[in-house]
Amino acid sequence: MKKILLFLLMMVLTVVGTTSCGGDDDDNVTTTSQIVGTWRDIDTSDGNEDWTFNANGKGYIHFDDIEVNGHERIDFTYSLSDNKLAVTMTVDGTTMSSTATVSFSEDGKTLYIYQEDEEVPIVLKKIK
């Protein structure tokens, strides 16, 4: 839950220009089809947190066993261009936008979301 609250806070601040940490190929271009599916946050200390990205540019985060600001699910829209993920969501009447850098493992089953000023990415494993 702490990570999602941090993510929401970062979105409020409209994060722009995120960079990733070492090892990523600059010519590694990601496509929207790579992100489509359901991904689970590997940090399950607060319960499961599943991120679903649909092909139509919409998605949601579903929380099991926890609530974030009284919500079990938060809907969002997104776009992915090269390795930049832009997410916009409205929570309790407040619209928040954020841009983060993403990368995928070689097998495409792990998604890394790098937020500005965060050395450790949010790590999601593909479950669907």
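Structural data are supplied above this passage.
In this text, all values refer to a predicted model and were calculated from it rather than measured experimentally.

Things to note about the sheet that holds strand β7 (residues 110–114)
Here we have eight strands rolled up into a closed barrel, ordered β1-β2-β3-β4-β5-β6-β7-β8, and antiparallel in their pairing. Averaged over all pairs of adjacent strands, the angle between strand axes in this sheet comes to 30°, irrespective of strand direction.

Description of the side chain of Ser105
The residue Ser105 is located in the loop between β6 (94–104) and β7 in this model. A polar atom in the side chain of Ser105 sits 2.6 Å from the side chain of Asp107. Here Lys109 takes part through its backbone nitrogen, which lies 3.3 Å from a polar atom of the side chain of Ser105. With sequence-adjacent residues up to four places away left out, Ser105 is seen in contact with Thr110 and Tyr112.

Digging into the packing of aromatic side chains
Taken as a whole and judged by the stated rule, the model has five aromatic pairs. Ring centres of Phe53 and Phe76 lie 5.3 Å apart, and the angle between their planes is 65°; on these two criteria the pair is classed as edge-to-face. Of this pair, Phe53 sits in strand β2 (residues 49–53) while Phe76 sits in strand β4 (residues 73–81); the two residues are 23 residues apart in sequence, bridging distant segments of the chain. The residues Phe53 and Phe76 share a single accessibility class, namely buried. Each ring, one from Phe76 and one from Tyr78, has its centre 6.3 Å from the other, and the planes form 65°; the classification is edge-to-face. Each member of the pair, Phe76 as well as Tyr78, is classed as buried. Here the aromatic residues Trp51, Phe53, Phe76 and Tyr78 are joined through ring pairs into a cluster of three or more. Here the guanidinium or amino end of Arg73 rests over the ring plane of Tyr60, the centre of that ring lying 3.7 Å away.

Considerations on the nonpolar core
One finds Ile35, Phe53, Leu85, Met89, Leu111 and Ile113 to be the most contacted residues of the largest nonpolar core, which totals 22 residues. Elements supplying a minimum of two residues to this core: β2, β3 (58–63), β4, β5 (84–91), β6, β7 and β8 (122–126).

What to know about the pairing of β3
Taking every second residue as pointing to the same face, the buried face of β3 carries Gly59, Ile61 and Phe63, while none of Lys58, Tyr60 and His62 on the other face is buried. The sheet contact formed by β2 and β3 spans five bridges and is antiparallel. Pairing of Glu49 across the sheet is with Phe63, part of β3. In this structure, the hairpin formed by β2 and β3 is closed by a connection of four residues, where Gly57 is found at a positive phi of approximately 85°. In this structure, β3 lies alongside β4, joined through five bridges in antiparallel fashion. Bridge pairing in β4 places His62 opposite Arg73.

Cut-offs applied
- Residues numbered from 1 in each chain as written.
- Predicted model: local features only at pLDDT ≥ 70, side-chain atom pairs only at ≥ 80, totals over all residues.
- Heavy atoms only, no water.
- Pairing = 2+ DSSP bridges.
- Helix = DSSP H or I, 4+ residues; strand = E, 2+ residues; numbered from the N terminus.
- Axes fitted to C-alpha atoms, helices over the stretch in contact; angles between N-to-C directions.
- Polar contact = N/O pair within 3.5 Å; in protein donor to acceptor, adjacent residues only side chain to side chain.
- Contact = heavy atoms within 4.5 Å.
- Phe/Tyr/Trp six-rings, centres within 6.5 Å; stacked < 30°, edge-to-face > 60°.
- Buried < 20%, exposed > 50% of the residue type's maximum accessible area, 1.4 Å probe, protein only.
- Lys NZ or Arg CZ within 6 Å of the ring centre and 35° of its normal.
- Core = buried A, V, L, I, M, F, W, Y, C linked by side-chain atoms within 4.5 Å.

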